[in-house]
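Topology and contacts: notes
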Amino acid sequence: MSNDYLSFYINGEWVKPEGRDTVGVINPATEQVFSRVSLGTAADVDTAAKAARDAFPAWSQTSVEERLAILDKILAGIKARSEDLAQAISQEMGAPISFARSAQVGTGLGHFATARQILANYEFEEARGKTQIIKEPIGVCGMITPWNWPLNQLTCKVAPALATGCTMVLKPSEVAPISAMILAEIIHDAGVPAGVFNLVNGDGPGVGAAISSHPEVDMVSFTGSTRAGREVAKAAADTIKRVCQELGGKSANIILDSADFAAAVKGGIMGCFGNCGQSCNAPTRMLVPQSKMAEAIEIAKVVAAKAVPGNPADEATRLGPVVSQVQYDKIQSLIQAGIDEGATLVAGGTGKPEGLETGYFVKPTVFANVTNDMTIAREEIFGPVLSIIGYKDDEDAVRIANDTVYGLSGYVSGEPEHARAIARRMRTGMVHMNGAGPDFAAPFGGYKQSGNGREWGEEGFHDYLEIKAVMGYNA
């Protein structure tokens, strides 16, 4: 039995692609190809976009009750195939299997459950004097998603698009596409009408650009690097489509004098190493009072020593490999840059962990005495690498935190009133106070070069809706 997924899901059917090129999906723990997918073309995107356009009139007019029933069936499907999804995610991007089951699949369930809850009570119309304000589905949505949280990034787009009555064309990352193929099977089995959901595999130049520029696509939702986000925006400009982007980050974690210092430093390091550092909102810059730098270094040595990478198929593993040779090489060069620029190497460093010569494993690395002008403080590393930066006072901490082209997330630990005051001054779309985790009902997105628009929660519906004003409706 083949593990390959060589067809695309278009207009309610699994169809052969227009081209013949394929790409191997590599297990980053073994460096071996475990599956193959086809690489799509602009012709495949055209077929999918036209199917989505044809399906839009009927799907956009379905009732809330009809869409709720579909969401319930998809939720049931994700639960029924949760182990298939977890195994796929673990193999395609290296997440430890326990983390794949709890967090990676858990986010997929969370986004559909949240969309269902919001849809059940969402006000699509309101009377404003004699005018009726009507929120209508925007149309055909193009979706381009990354490899680091493959199911999470799919479902936080697909769920609100389905809930609001949109149709769509999805391109998952060609690096980690298998969980997306399983989701397509779940959506098909849930009875989503033909053409509402379409999936075309491929790379950015072949499929991503075609989605971004296609005249039948009314909006494009992209998650990925800031560099690729610029290309999506440029490709979309000629057709004046809405562009929603969730891009890179270099999030500051401010640990205040009033914090439980040891607990905050430990939590910050573990947060940075989560998902092997492959999260756009990871707390990668830890800001500590300069007077406590030595104490932070001692805590970091202990915590980092316990962060031991291992085989992601092992139930006990908490830290897997990074996703690819390309990512491994980039991370190694940035670790070397930290050493060359004079940061204090507290833990980790270049090369692979002992006993893990096969696989894209990175030593969990901590630098201290980092200054905010160093490469490791400016560039998104996307690996288990933490920079600890000292600050003089609150003003200095806020200045350093905001001194970045990014503005996705922020973190602050301290006495609640103190932390609240600092949180209000951080120029980021999100702030996590005192170890607070993610919230599916809260908007997710950033300022500056971290993107535009918001996903998750009620705000996640907004980008999939147009607003119509009908004057005289209530005369």
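Above this text sits the structure in question.
Residues numbered from 1 in each chain as written. Predicted model: local features only at pLDDT ≥ 70, side-chain atom pairs only at ≥ 80, totals over all residues. Heavy atoms only, no water.

1. Looking at helix 1 (residues 42–60)
- The terminal C-alpha atoms of helix 1, which comprises 19 residues, lie 26 Å apart, in line with the 27 Å expected from a rise of 1.5 Å per residue.
- Maximum bend of helix 1: about 30°, positioned at Asp 54, with proline Pro 57 one to four residues after it. (Helix = DSSP H or I, 4+ residues; strand = E, 2+ residues; numbered from the N terminus. Expected span 1.5 Å × (residues − 1). Bend = angle between axes of the 7 residues up to and from the residue.)

2. Observations concerning the state of the cysteines
- Enumeration according to the criterion identifies zero disulfides in this entry.
- Counting only cysteine sulfurs, Cys 141 is the nearest neighbor of Cys 166, a cysteine outside any disulfide, at a range of 3.8 Å.
- Given a relative accessible area of 0%, Cys 166 falls into the buried group.
- Between Cys 276, a free cysteine, and Cys 272, which holds the nearest cysteine sulfur, the sulfur-to-sulfur gap is 9.9 Å. (Disulfide = S-S within 2.5 Å. Buried < 20%, exposed > 50% of the residue type's maximum accessible area, 1.4 Å probe, protein only.)

3. Comments concerning the sheet that holds strand 5 (residues 125–128)
- The strand order across the open sheet built from three strands is 5-6-22, with neighbouring strands paired in antiparallel fashion. The two strands at the open ends of the sheet, each matched to only one other strand, are strand 5 and strand 22 (465–470). Neighbour to neighbour, the strand axes of the sheet diverge by 20° on average, direction disregarded. (Pairing = 2+ DSSP bridges. Axes fitted to C-alpha atoms, helices over the stretch in contact; angles between N-to-C directions.)

4. Thoughts on empty space enclosed by the protein
- Under the counting rule described, the total for this entry stands at five cavities of 30 Å³ or more.
- In this structure, the largest cavity occupies an estimated 90 Å³ of space.
- Residue lining of the largest cavity: 16 residues in total, with Ser 221, Cys 244, Arg 454, Glu 455 and Asp 463 positioned closest to the centre.
- Taken together, the elements giving at least two residues each to the lining of the largest cavity come down to strand 10 (219–223) and strand 11 (242–246).
- If one sorts the elements of the lining of the largest cavity by residue count, strand 10 sits on top with four residues.
- Across the lining of the largest cavity, the residue classes break down as five nonpolar, six polar and five charged.
- What lines the second largest cavity is His 111, Thr 114, Ala 115, Ile 118, Cys 156, Pro 160, Phe 440, Trp 456, Gly 457, Gly 460 and Phe 461.
- The greatest single-element share of the lining of the second largest cavity, amounting to four residues, is contributed by helix 4 (residues 97–121).
- When its residues are assigned to classes, the lining of the second largest cavity shows seven nonpolar, four polar and no charged. (1 Å grid on protein atoms, 1.4 Å probe; cavity = no way out; pocket = protein on both sides within 12 Å on 5 of 7 lines; lining within 4 Å. Points joined across faces, edges and corners; volume = space filled by probe spheres on them. Nonpolar A, V, L, I, M, F, W, Y, C, P; charged D, E, K, R; others polar.)

5. Section: the nonpolar core
- In this structure, Ile 74, Phe 112, Leu 162, Met 168 and Phe 197 are the most contacted members of the largest nonpolar core, which totals 69 residues.
- With residues up to four places along the chain from it excluded, the contact list for Phe 112 reads Leu 71, Ile 74, Leu 75, Ile 78, Thr 155, Val 158, Ala 159 and Leu 162.
- Ranked by size, the runner-up nonpolar core spans 56 residues in total, among them Val 265, Val 288, Leu 334 and Ala 423. (Core = buried A, V, L, I, M, F, W, Y, C linked by side-chain atoms within 4.5 Å. Contact = heavy atoms within 4.5 Å.)

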